[in-house]
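A look at the structure
Residues per chain, in single letters:
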Amino acid sequence: MKYRHRELLPIEQRGPLRVAFVTTALNVGGEETLLANIIRRMDRRRFAPELVCLKQLGVLGDQLVVEVPAFNGLLQNKFDLRVLARLTQLFRERQTDAVVTVGTGGDKMFWGRLAAWRAGVPVIASALHSTGLPNRVEFSNRLLAPLTDAFIAVAEAHGCFLASDEGCAPRKIRVIPNGVDTSRFCDRPGNDALRAELGLPVGAPTVGIVAVLRPEKNHDLFLRAAAIVHRTVPEARFLIVGDGPLRPEIEAQIHNLGLAGIVHMLGMRRDIPELLHVIDVVALTSKMEANPVSVLEALSSGRPVVSTRVGSIPENVIDGETGFLVPPGDEQTLAARLTTLLTNPQTREYLGRAARERIVRHASLESMVGGYERLIAEIYSAKTTGRRWTNERDSSASPPTVHEVAPLTRAAAEVVAADER
């Protein structure tokens with residue numbers, strides 16, 4: 001089959017499909033970790049993944065260069081228009097069969113898709129990991145929707161948001177839920193040595209939050225709830241894992257709330273699986289989310305999660321089954337749910353078992369990677385027969401309305417609308 005001046009062999013008559021994942025840089029983060037896992041786990045008999053970073057490779061990219069072909073330094077600055085020629089040449093030279101841009105909006109989504117189309121790449125897809133601000137699909141990226149075969153959402157509610165608020169055609173949206181390595185993130189006995197290293201008193205119940213220190217993660221709510229819990233459960237300790245621009249403000253608030261020695265700021269850590277073994281309850285206080293990896297990792301480790309009811313979180317944090325959901329901004333309810341779990345070990349254990357079972361069934365790394373493999377193979381196969389690829393699951397669906405999306409996602413959409421006005 002001839003496709004835009006390129007001969008395409010049927011998938012069963014050729015070797016592995018060469019798949020280029022395009023991003024800005026592969027530093028440590030939820031989205032970046034997911035991409036690294038996808039690249040590492042793809043079936044090499046059928047797919048040959050490659051990494052393309054427009055800027056630097058980043059921490060995870062530096063690790064992947066010994067495993068897969070990796071390219072970087074294609075975008076010199078924000079106004080470097082020659083990136084299009086460089087990317088186009090790269091895809092032609094590599095005979096790329098599929099390009100998947102990773103991340104919502106920005107240069108990687110724009111230049112990656114445009115170059116793929118110019119190079120005659122058969123499969124063009126965009127994996128969108130964010131919901132609302134600070135990331136969005138800008139007008140320039142929306143213009144390239146006709147060149148895009150599929151938009152990948154990370155959860156059902158996220159797929160609704162992409163259709164209702166980001167301008168993605170419902171028939172092109174494929175939901176591939178985020179997944180985690182359930183063998184690495186599993187329920188194990190507590191780590192007394194690590195507890196001692198962190199300065200946690202013996203037997204002290206602990207609450208942890210794993211999130212970058214940015215406004216949308218709302219650590220202010222976490223600390224206000226911690227202050228309330230501390231009055232009822234004075235022996236409780238609170239761990240903040242992550243780093244970011246709000247660190248000075250968060251440290252000041254800890255002091256102002258009288259939580260010095262009660263809240264421990266751990267910064268960036270590479271031992272998250274081990275840390276989860278010293279945390280009894282995981283909290284997330286975000287104003288908006290898609291399908292956060294930190295929640296999946298906690299649930300997979302048998303830790304109940306107390307989270308704000310935003311974005312796609314209710315798809316895995318089932319209220320009263322795998323954790324608790326609270327209204328955004330409500331520190332009283334958040335504190336009450338945390339107190340319930342900190343003072344009831346049997347309830348924590350019951351919810352933790354259900355949490356682990358849910359992730360193993362619905363959000364494993366294998367299921368996520370398999371979703372990407374099936375999507376790429378489906379689109380490529382359609383192109384070899386001259387058919388227009390149709391996402392059977394969504395082809396007959398009417399566009400969802402904004403009212404079908406979780407409450408805080410709607411709030412984020414209103415902020416975007418106000419900004420556009």
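Worth saying up front: this structure is predicted, and the values here are computed from it rather than measured.

Okay, the overall build of the protein next. When helices and strands are tallied, the protein shows 15 helices and 15 strands. Radius of gyration (C-alpha) of the protein: 22 Å, near the 22 Å computed for a compact globule of 421 residues. Expressed along its principal axes, the backbone C-alpha trace of the protein runs to roughly 70 × 45 × 40 Å. Counting every position in the protein, which comprises 421 residues, the buried fraction comes to 57%. At a minimum sequence separation of 6, the contacts of the protein that also span at least 24 residues come to 74%.

Applying the stated criterion to the full structure yields two aromatic pairs. Ring centres of Phe110 and Trp111 lie 4.9 Å apart, and the angle between their planes is 85°; on these two criteria the pair is classed as edge-to-face. Ring plane angle 80° and centroid distance 6.1 Å describe the contact between Phe222 and Phe238, whose orientation is recorded as edge-to-face. Highlighted residues: Phe222 in helix α8 (residues 219-232) and Phe238 in strand β11 (residues 237-241), separated in sequence by 16 residues. Summarising the burial analysis for this pair, Phe222 and Phe238 share the class buried. Over the aromatic face of Phe324 sits the side chain of Arg337, whose NZ or CZ is 5.6 Å from the ring centroid.

To continue, consider the sheet that holds strand β4 (residues 47-53). The seven strands are arranged β5-β4-β3-β6-β7-β8-β9 in an open sheet whose pairing can be described as parallel. In the strand order of this sheet, the two ends are held by β5 (70-71) and β9 (173-175), each with one partner. Both strand β6 (residues 98-102) and strand β7 (residues 123-127) contribute to a ladder of five bridges, which runs parallel. Bridge pairing in β7 links Thr101 to Ser126.

Another aspect to go through is helix α1 (residues 30-41). Between its first and last C-alpha atoms α1 spans 17 Å; for 12 residues at 1.5 Å apiece the expected length is 16 Å, and the two agree. By the burial criterion, the buried members of α1 are Glu32, Leu34, Leu35, Ala36, Ile38 and Ile39. Tucked into the core, α1 has its buried residues touching β3 (17-23), β4, α2 (58-64), β6, α11 (293-300) and α14 (365-384).

Quick notes on the rules
- Residues numbered from 1 in each chain as written.
- Predicted model: local features only at pLDDT ≥ 70, side-chain atom pairs only at ≥ 80, totals over all residues.
- Heavy atoms only, no water.
- Helix = DSSP H or I, 4+ residues; strand = E, 2+ residues; numbered from the N terminus.
- Rg over C-alpha atoms; globule rule 2.2 N^0.38 Å.
- Buried < 20%, exposed > 50% of the residue type's maximum accessible area, 1.4 Å probe, protein only.
- Contact = heavy atoms within 4.5 Å.
- Phe/Tyr/Trp six-rings, centres within 6.5 Å; stacked < 30°, edge-to-face > 60°.
- Lys NZ or Arg CZ within 6 Å of the ring centre and 35° of its normal.
- Pairing = 2+ DSSP bridges.
- Expected span 1.5 Å × (residues − 1).

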